[in-house]
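# Residue-level structure breakdown
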Amino acid sequence: MLAELRAPGQGDAGSGLVTVGEWLAHWLATRTRASSTVRGYASHVRLYLDPYLGTILLTELSVSQVHAMFTAIARQHEADGKPVTPATLNRIRATLRAALNAAIRQGLLTDNPASRAELPAARRPRAVVWTAARVEYWQRTGERPPVAVWTAAQTAEFLHAIRDHRLYAAFHLIALRGLRRGEAAGLRWCDIDLDEGVAVISQQLQQYDGYLTACPPKTARSARVVALDRTTVAAQRARRRRQRQERAVYGEGFRDSGYVITCLNGDPMSPDRLTRIFQQLISEHGLPPVRLHDLRHGAATLALAAGVELKVVQEMLGHSSIVLTADTYTSVLPEVAHTAAEKTAAHVLKAGRLVPGTNRTRRRPTTGKKRRGRKNRSGRANRSRAHPARQISRPQRR
């Protein structure tokens, strides 16, 4: 295998002198993950890893050299007037770490310097809800959050406004069932059982070098079965009828590709084009700006607001871990947060009315003079029902 890694005039593969650049090129060529992920890897290698580390021997790569690379990257971005974010640095490190872990599995390394390189913590942007106050602020200043989701009313308004659009079924599917845009674009009629109300997510479409490519879902857990509600089933049935009409109108040039979301000639639609159409639609109808991927965030948020369990939301989204689901969707709709706050306050107040260590409610304190013994119907004061031996001796009133 090492002989395949040697570049002309570089290193001695037979003696194990493989450079970082040679290994990165080999590692990229053997990647089998989704095209978008591999494109990200390739971009990091081309722009950063190979220029800064490519000539270093793989076995001599050190933590200090990795640190020096990140320092140089940060300084270069500062000089260009485009400061690099901690999230970008962490993604570059993740690419290098993955490549070096593969080298360890091949027996070329015993340690991963990228794993020990310290970087500023990257903060994942939280999804915020387009409340009335936030919408007013955006309209007045133009400032928008990096990740924002619509309320249930705003989502319903959007779907109602585009109900006659030919791609309504695609946006309905993403908004309610949380598909990624590549998964929606890659959905075929053979993947959907409308009678049973399920869709099998077995592939996605990605665009690479101008060509659409069908590739596996983003992760192993992304391959899943998604339940379809009655409104989503109805939308897909309407989409199938419309596609048949489009085929009749287009004529012999129509291509029966088998995909649910297609261009007018029947060809599958690229995720990028789906995004452009979505942005045009929300602009036309004056809704607060969100990305197409934010519809997926919104589907998760709305499901949690409807009382769906976190584990079910994880399965719907195809997340590899429930921790990822919980960490991403800690922001919920305002009414849900208010309900939780009221429940918490009521719980505390109720606990304050109990006698400590018991389930008995505290007696309200009396004010003023001590209440005399209540009289019975005969006008005499009630006597204590305690055992005589436990009664405190006091004069009997006559």
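Residues numbered from 1 in each chain as written. Predicted model: local features only at pLDDT ≥ 70, side-chain atom pairs only at ≥ 80, totals over all residues. Heavy atoms only, no water.

For the rest of this paragraph, the subject is helix H5 (residues 86–105). In this model H5 runs 28 Å from its N-terminal to its C-terminal C-alpha over 20 residues, within 8% of the 28 Å that 1.5 Å per residue would give. Looking only at H5, the buried set comprises Thr 88, Leu 89, Asn 90, Ile 92, Arg 93, Thr 95, Leu 96, Ala 99, Leu 100, Ala 102 and Ala 103. One or two steps after H5, the chain reaches Gly 107, where phi turns positive at roughly 80°. (Helix = DSSP H or I, 4+ residues; strand = E, 2+ residues; numbered from the N terminus. Expected span 1.5 Å × (residues − 1). Buried < 20%, exposed > 50% of the residue type's maximum accessible area, 1.4 Å probe, protein only.)

This brings us to the environment of Glu 196. Within the secondary structure, Glu 196 sits in the loop between strand E3 (192–193) and strand E4 (198–201). The class for Glu 196 is exposed, based on a relative accessible area of 60%.

This part is about the confidence of the model for the protein. Confidence along the protein averages 85 in pLDDT terms, with 83% of residues attaining 70 or more. Here residues 1–15 is modelled with pLDDT under 50, and outside its nearest four sequence neighbours on either side it reaches 24 contacts, counting other chains as well. (pLDDT = per-residue confidence, 0-100. Contact = heavy atoms within 4.5 Å.)

Right, let's talk about the environment of Gln 279 for a bit. Its place among the elements puts Gln 279 in helix H11 (residues 271–284). Linking Gln 279 and Val 290, residues 11 residues apart in sequence, is a C-alpha distance of 8.2 Å. Setting aside chain neighbours within four positions, we find Gln 279 in contact with Val 290, Arg 291 and Leu 292.

What follows concerns the packing of helix H12 (residues 292–305) against helix H13 (residues 310–317). As a packed pair, H12 and H13 sit with axes 10 Å apart at the nearest point and diverge in direction by 155°. When the axes of H12 and H13 are compared, the pair comes out roughly antiparallel. Of the two possible hands of crossing, H12 and H13 adopt the one that is right-handed. Of H13, the residues touching H12 (which contributes Arg 296, Ala 299, Ala 300, Ala 303 and Leu 304) are Leu 310, Val 313, Met 316 and Leu 317. Here the residues of the contact of H12 with H13 sort into eight nonpolar, no polar and one charged. (Axes fitted to C-alpha atoms, helices over the stretch in contact; angles between N-to-C directions. Parallel < 35°, antiparallel > 145°, perpendicular 65-115°, else oblique. Left-handed = near helix turned anticlockwise from the far one by under 90°. Nonpolar A, V, L, I, M, F, W, Y, C, P; charged D, E, K, R; others polar.)

With that settled, consider the nonpolar core. Among the nonpolar cores identified, the biggest contains 40 residues, and Trp 150, Phe 158, Phe 171, Ile 192, Leu 228, Leu 274 and Phe 278 are the most heavily contacted of them. Those elements that provide at least two residues to this core are helix H7 (152–161), helix H8 (168–177), E4, helix H10 (230–250), H11 and H12. No other element matches the seven residues that H8 contributes to this core. Non-local contacts of Leu 228, meaning those with residues more than four positions away in its chain, are made with Leu 173, Arg 177, Ile 192, Leu 194, Gly 197, Val 198, Ala 199 and Val 233. Leu 61, Met 69, Leu 89 and Ile 92 belong to the second-largest nonpolar core, a separate cluster that totals 31 residues. (Core = buried A, V, L, I, M, F, W, Y, C linked by side-chain atoms within 4.5 Å.)

A few words on the pairing of E4. Note on strand geometry: in a regular strand, side chains alternate between the two faces of the sheet. Residues Ala 199 and Ile 201 of E4 are buried on one face, while the alternating residues Val 198 and Val 200, pointing to the opposite face, are not. The hairpin formed by E3 and E4 contains four residues between the paired strands, and Gly 197 there has a positive phi angle of roughly 70°. The sheet contact formed by E4 and strand E7 (residues 224–227) spans four bridges and is antiparallel. Its bridge partner lying in E7, Val 200 is registered against Val 225. (Pairing = 2+ DSSP bridges.)

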